[in-house]
Amino acid sequence: MLLWPDKSASLLSIRPAQSGDDHFFQQLFAATHSYFTNSGLPEPLAQQLLQQQYQLQQQSYQHQSPSPQIYLILLQQQPVGRLIMARHPDYLHITDLALLPAYCGQGLGSELMTALQQYTQQQQLGLQLLVEQQNDGALQFYLRHGFLRQSKNGNHLQLCWPSIFVSDLVAG
């Protein structure tokens, strides 16, 4: 999948994940789930819980999408995040979009989302994802980028983009 046809226009890029990227993905998980290390638990126990939660997340993602497309997000060729997607006939499902906290709020997520939206428009696809209801920052990010709430699924909201895609789903 080519998201940035003119790579010179951006310092942000993605590439398919490789086996050596798992160490970074574990670091990313730890950085975005700091409540384990800030819980006051002994460090070995906190690290064990963090590792178990990471493995559970990976299993959950594999269950949601048996053939995911996993990408490493790079800024000036340095890893800063991960994107996991699954292609369906009419849409791309974003399984995970995560950036290291130090890179949040700098427009990188918006640049990536804009590229995804342009790509899906060219391919005549929609975008779909689940977001935890209590993750207000992520929810507001997606709403700012034109996603609409489609349904509620337990503790998650299903969001879709574009709005035409939502009406197609409801009609179909």
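Reference entry: report on the structure contained in this document. (Residues numbered from 1 in each chain as written. Predicted model: local features only at pLDDT ≥ 70, side-chain atom pairs only at ≥ 80, totals over all residues. Heavy atoms only, no water.)

1. Some remarks on the overall build of the protein chain
In step 1: When helices and strands are counted, the protein chain shows five helices and seven strands.
In step 2: Written out in order from the N terminus, the α and β elements of the protein chain read β-α-α-β-β-β-α-β-α-β-β-α.
In step 3: Across the 172 residues in the protein chain, those meeting the buried criterion constitute 40%.
In step 4: Within the protein chain, contacts between residues separated by at least 24 positions form 57% of all contacts whose residues are at least 6 apart in sequence.
In step 5: Carbon and sulfur atoms form 50% of the exposed surface of the protein chain, whose accessible area is close to 9,800 Å². (Helix = DSSP H or I, 4+ residues; strand = E, 2+ residues; numbered from the N terminus. Buried < 20%, exposed > 50% of the residue type's maximum accessible area, 1.4 Å probe, protein only. Contact = heavy atoms within 4.5 Å. Areas by Shrake-Rupley, 256 points an atom, 1.4 Å probe, with all protein chains shown as cover.)

2. Some words on unusual backbone geometry
In step 1: For the bond from W161 to P162, the omega torsion is -10 degrees, close enough to zero to count as cis.
In step 2: Here P162 is to be found in the loop between β7 (156-161) and α5 (163-171).
In step 3: In this structure, Q76 takes a positive phi of about 50 degrees despite not being glycine.
In step 4: Mapped onto the fold, Q76 is located in the loop between β2 (69-75) and β3 (78-87).
In step 5: The backbone of Q124 shows a phi angle near 55 degrees, a positive value even though the residue is not glycine.
In step 6: By secondary structure assignment, the location of Q124 is in the loop between α3 (108-122) and β5 (126-132).
In step 7: Judged by relative accessible area, which is 73%, Q124 ranks as exposed.

3. With respect to the side chain of H93
In step 1: For H93, the location among the structural elements is in strand β4 (residues 91-99).
In step 2: Within polar-contact distance, the side chain of H93 engages the backbone oxygen of Q128 at 3.5 Å.
In step 3: Discounting residues that sit within four places of it in the chain, H93 has contacts with Q64, I84, M85, A86, H88, Q128, L129 and L130. (Polar contact = N/O pair within 3.5 Å; in protein donor to acceptor, adjacent residues only side chain to side chain.)

4. Points about the pairing of β4
In step 1: Taken across its nine residues, β4 has eight buried, putting it largely inside the fold.
In step 2: As defined by bridge partners, β3 adjoins β4 across seven bridges and the pair is classed as antiparallel. Counted as the bridge partner of R82 is A98 from β4.
In step 3: The sheet contact formed by β4 and β5 spans four bridges and is parallel. If you follow Y91 over to β5, its bridge partner there is G126. (Pairing = 2+ DSSP bridges.)

5. Notes on the environment of H145
In step 1: Its place among the elements puts H145 in the loop between α4 (136-144) and β6 (148-153).
In step 2: Along the sequence, H145 and Q117 sit 28 residues apart, while their C-alpha atoms lie 9.1 Å from each other.
In step 3: In contact with H145, other than residues within four places in its own chain, are S110, M113, Q117 and W161.
In step 4: A polar atom in the side chain of H145 sits 3.0 Å from the side chain of S110.
In step 5: Reaching out from H145, the side chain makes a polar contact with the backbone oxygen of F141 at a distance of 2.8 Å.

6. Here's the deal with the packing of aromatic side chains
In step 1: Applying the stated criterion across every chain, the model contains four aromatic pairs.
In step 2: Between F29 and Y54, the ring centres sit 5.6 Å apart and the planes meet at 70 degrees, which makes this aromatic pair edge-to-face. Here F29 is found in helix α1 (residues 22-32), whereas its partner Y54 is found in helix α2 (residues 43-64), with 25 residues between them in sequence.
In step 3: Overall, the relative accessible area of 5% leaves F29 in the buried class.
In step 4: Y54 sits in the buried class, given a relative accessible area of 3%.
In step 5: Taken together, the ring pairs in this structure connect F141, Y142 and F147 into an aromatic cluster.
In step 6: For the cation-ring pair, R82 lies above F25, with the distance from its terminal atom to the ring centre recorded as 5.3 Å. (Phe/Tyr/Trp six-rings, centres within 6.5 Å; stacked < 30°, edge-to-face > 60°. Lys NZ or Arg CZ within 6 Å of the ring centre and 35° of its normal.)

Any link to function would need more than the numbers given here.
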